Amino acid sequence: MDDIFELIINPGKEKGGEPNARLGIRLKLSGYETVCPITKSCTSYEALEMEVHGVENSLGRILGKAKEIFEKSENQQKFGLEPGMGAEEIWSVLSGIKDEGDFVEMFNSLEEDKRREVAEHVLTKCNVFSGNASVFSARYDDKSAFMS
């Protein structure tokens, strides 16, 4: 991977000006290249270090979100859930999950629109007095579209 980060330095040669620095990111668009600052201007190493740690923390949060997304996808594939499935097909897979914890986790890992579609299917077309449909009807919250 190319180095995309760059130190932007202003030597502060103006009258009374202090040197300052900031972290920038190099962007390349349609043959044009520029460096955009991503931290505030800092007049000390310590201040710049704090700004860089802030960027690192932001990147760490993004990695955490990405990990969740990939793990959800892997779990869904493990149980046979595919992105293009309709509510009835999804329910067919979910209703076959024996472990209640896995059942709830798989349902809650779906996107909100899919959860609502599956909920409508279960509550209007399934016998909510037996099997996973009874668990679903008891634990489903319409406001959040999650099972508790």
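Look up a bit, the structure's there.
To start, this report covers the structure provided alongside it. What you see is a predicted model; the values in this text were computed from it and never measured.

## What to know about the environment of Lys 28
In this fold, Lys 28 is placed in strand β2 (residues 20–29). Along the chain, Lys 28 and His 53 lie 25 residues apart, while their C-alpha atoms are 25 Å from each other. Ignoring any residue separated from it by four or fewer positions in sequence, one finds Lys 28 in contact with Asp 2 and Glu 33.

## Observations concerning the packing of aromatic side chains
For the structure on display, the rule yields five aromatic pairs. Each member of the aromatic cluster is reached from another via a ring pair, and the members are Trp 91, Phe 103, Phe 107, Phe 136 and Tyr 140. Taking the ring centre of Phe 146 as reference, the NZ or CZ of Arg 115 above it sits at 3.8 Å.

## A short note on the sheet that holds strand β1 (residues 5–10)
On the basis of which strands lie adjacent, the open sheet formed by three strands has the order β1-β2-β3 and antiparallel pairing. Across the chains shown, the open sheet's two edge strands, defined by having one partner strand only, are β1 and β3 (32–37). For this sheet, the mean inter-axis angle between neighbouring strands, taken without regard to orientation, is 40°. Where β1 meets β2, six bridges bridge the pair, whose relative direction is antiparallel. Following the sheet pairing, Phe 5 is matched in β2 by Ile 25. Contacts from helix α1 (residues 45–78) reach β1 and β2 within the one sheet, and its direction differs from that of β2 by about 40°.

## Side note on the side chain of Thr 39
Mapped onto the secondary structure, Thr 39 falls in the loop between β3 and α1. Polar contacts involving the side chain of Thr 39 include one to the main-chain amide nitrogen of Leu 23, which spans 2.9 Å.

## Topic: unusual backbone geometry
Positive phi outside glycine occurs at Ser 30, with the angle close to 50°. As for its placement among the helices and strands, Ser 30 is situated in the loop between β2 and β3. The exposure class of Ser 30 is exposed, given its relative accessible area of 85%. A positive phi angle, near 65°, is found at Ala 145, a position not held by glycine. Turning to its location among the elements, Ala 145 is positioned in the loop between β4 (140–141) and β5 (146–147). We classify Ala 145 as buried; its relative accessible area is 0%.

Parameters at a glance
Residues numbered from 1 in each chain as written. Predicted model: local features only at pLDDT ≥ 70, side-chain atom pairs only at ≥ 80, totals over all residues. Heavy atoms only, no water. Helix = DSSP H or I, 4+ residues; strand = E, 2+ residues; numbered from the N terminus. Contact = heavy atoms within 4.5 Å. Phe/Tyr/Trp six-rings, centres within 6.5 Å; stacked < 30°, edge-to-face > 60°. Lys NZ or Arg CZ within 6 Å of the ring centre and 35° of its normal. Pairing = 2+ DSSP bridges. Axes fitted to C-alpha atoms, helices over the stretch in contact; angles between N-to-C directions. Polar contact = N/O pair within 3.5 Å; in protein donor to acceptor, adjacent residues only side chain to side chain. Buried < 20%, exposed > 50% of the residue type's maximum accessible area, 1.4 Å probe, protein only.

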